[in-house]
Amino acid sequence: MSQNMIFPQLEIPQTLAAGPGPGNTDPRVLDRFASAGMADHMQPDVLRGMIECKQMLRAVMGTSNVYTFGVAGTGWSGLDVMFSAVMPGDKVVVFSNGTFSSIDGLTVRMKAATAEELAADPMNPQPASVITIDVPHGESVTAEIVEKALAEHKPKWAAIAHWETGSGRINDMRGFSDACERHDVMGLVDAVSSLGVEDFRIDDFPGIHGWASCPQKGICCLPLTYAPVSFTDRYIDELKKTGTRTFVHHPILEARHWGIIDGKDVDKGTYHRTHSAYAIAAFHEALRITLQHTISQRAEDYAFHESVLREAVTAMGCDVTSNMTSLVVLNLPESLAGREAELVQHCRADGFGIWPTLSAPVQVRIGILNLLSPVAITEIVTRFGQAMKDLGADVDMDAVQAVLDKHYKTTTTA
Ligand SMILES: *Cc1c(COP(=O)(O)O)cnc(C)c1O
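Now for a look at the structure at hand. (Residues numbered from 1 in each chain as written. Predicted model: local features only at pLDDT ≥ 70, side-chain atom pairs only at ≥ 80, totals over all residues. Heavy atoms only, no water.)

1. Remarks on the site of the ligand
Just so we agree on the cut-off: Put simply, a residue is near a molecule or strand once any heavy atom of it comes within 4 Å of that molecule or strand. The term polar contact refers here to a pair of N or O atoms within 3.5 Å; inside protein, the definition further demands a hydrogen-donor-capable atom paired with an acceptor-capable atom, and it admits residues adjacent in sequence only when both atoms are side-chain atoms. Using a 1.4 Å probe, the Shrake-Rupley method yields the accessible areas, and only the shown protein chains count as cover for residues. Here a cavity denotes a set of grid points, spaced 1 Å apart and computed over the protein atoms alone, in which a 1.4 Å probe fits but from which it cannot get out, and a pocket denotes an open set meeting protein on both sides within 12 Å along at least five of seven lines; residues with an atom within 4 Å of a point are reported as lining. Think of it this way: if more than half of a molecule's atoms are within 2 Å of a pocket's grid points, that molecule is in the pocket or cavity. Residues were grouped as follows: Ala, Val, Leu, Ile, Met, Phe, Trp, Tyr, Cys and Pro as nonpolar; Asp, Glu, Lys and Arg as charged; and all remaining residues, including Gly, as polar.
In the vicinity of the ligand, the contacting residues are Thr74, Gly75, Trp76, Leu79, Phe100, Trp163, Thr165, Asp190, Val192, Ser193, Gln216 and Lys217. Residue Trp76 places a main-chain N or O atom 2.9 Å away from an oxygen atom belonging to the ligand. Gln216 places a side-chain nitrogen or oxygen 3.0 Å from an oxygen atom of the ligand. Contact with the protein chains covers 90% of the free accessible surface of the ligand, which is 390 Å². Judged by the proximity of its atoms to the pocket grid, the ligand belongs to the second largest pocket. Among the residues forming the shell around the ligand, the class breakdown is five nonpolar, five polar and two charged.

2. A few points about the pattern of salt bridges
Basically, it comes down to this: Only one rule defines a salt bridge in this text: a Lys or Arg side-chain nitrogen within 4 Å of an Asp or Glu carboxyl oxygen. Helix and strand assignments follow DSSP, with helices taken as H or I runs no shorter than four residues and strands as E runs no shorter than two, numbered in order from the N terminus. Accessible area is worked out with a 1.4 Å probe on protein chains only. A residue is then buried under 20% of its type maximum, exposed over 50%, and partly exposed in between.
Using the criterion set out here, one finds 20 salt bridges in the structure. As a salt-bridge pair, Arg48 and Glu52 come within 3.1 Å of each other at their nearest N and O atoms. Here the residue Arg48 and the residue Glu52 both occupy positions in helix H2 (residues 44–61), the gap between them amounting to four residues, near one helical turn. Note that Arg383 is salt-bridged to Glu379, the shortest N-O span being 3.1 Å. Of this pair, Arg383 and Glu379 both sit in helix H13 (residues 374–390), separated by four residues, roughly a single helical turn. Judged by relative accessible area, which is 36%, Glu379 ranks as partly exposed.

The following block contains the structure:
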């Protein structure tokens, strides 16, 4: 009986990961992951690697915040650490313009709900102290929207997604930070999609006191590693006053293993949990790759290749509604309207991993994370055009090729 429970070894095929995430992990990262020796979480090179990661992360994020480190897990793990300072009864304004910022909103409602409010609707609490500002899918949160809400409600915290990956929209961080400063609100930002893709320094946004990102998008370090987070001293001081009900996701306690104790860098971390030498080695290499490429060059490369992809799908008759540079979110031409899910499924069945939107309206999302070469973009464009033709669309592939030639002609290799 129990022998029947042993399955064959799991094989997962290589696909073209052309979605909103995860991004394509660099072979150098996988090599470090698989080449690290077995060493415990207090072995000197593991601890040194964590300290070096912390320092590189400060350079990647553009910050002198001492409380800058990685949270084991995925983007939501980092966000959970960031939102851990939100306590029951805290007044919070949350801006929501798509799938991910609305999940951030749910997280905030779970944290800010009183025991009574949580018990009243445990999976979807509606605390009186949380105000959600809904902005329609496909639109950005503007400075005016933020200013109006913060002036009216004067909350303790305000939360926003920098880049809302669900609808592919960039929200106004300058406007958000300025309004937070004006109204003495502590801003919290979901930077899961923007870190490592856009050129920005978090220290240029003084109204924002907590930042959380992820391993698998701009940082290209999927092999379950670390979600970058960063907190100002004011955030940490607030947390010291209120405390929070988590051990593992406690920002002050989690920071200890990265050599951050009592607000200061120390030479050697102390135990918080069992970190993996493999994960540390992989994260370390991903940060080295980002810094070698440089944040500004990366941002330029994303902007350039996204503009080519955008122009190519527009030549196919699609209508792009996003403005992020790692992703295009589009409506199909009239003749294919309503067949988005079928088209995406057709592509995915063939190892071409594009995505639909995860909340209404249904649109198609094509991403270019770590696919910054003419060869990669040409393959995405060609496969997408072919898939549309397979479903019966009339695609002028000569016009599409002309777009590619115009931008990539002078570049002969990847
Ligand atoms: C992808 C994403 C998340 C979730 O990240 P996971 O790695 O899936 O946990 C959260 N917020 C935004 C804006 C995202 O793009």
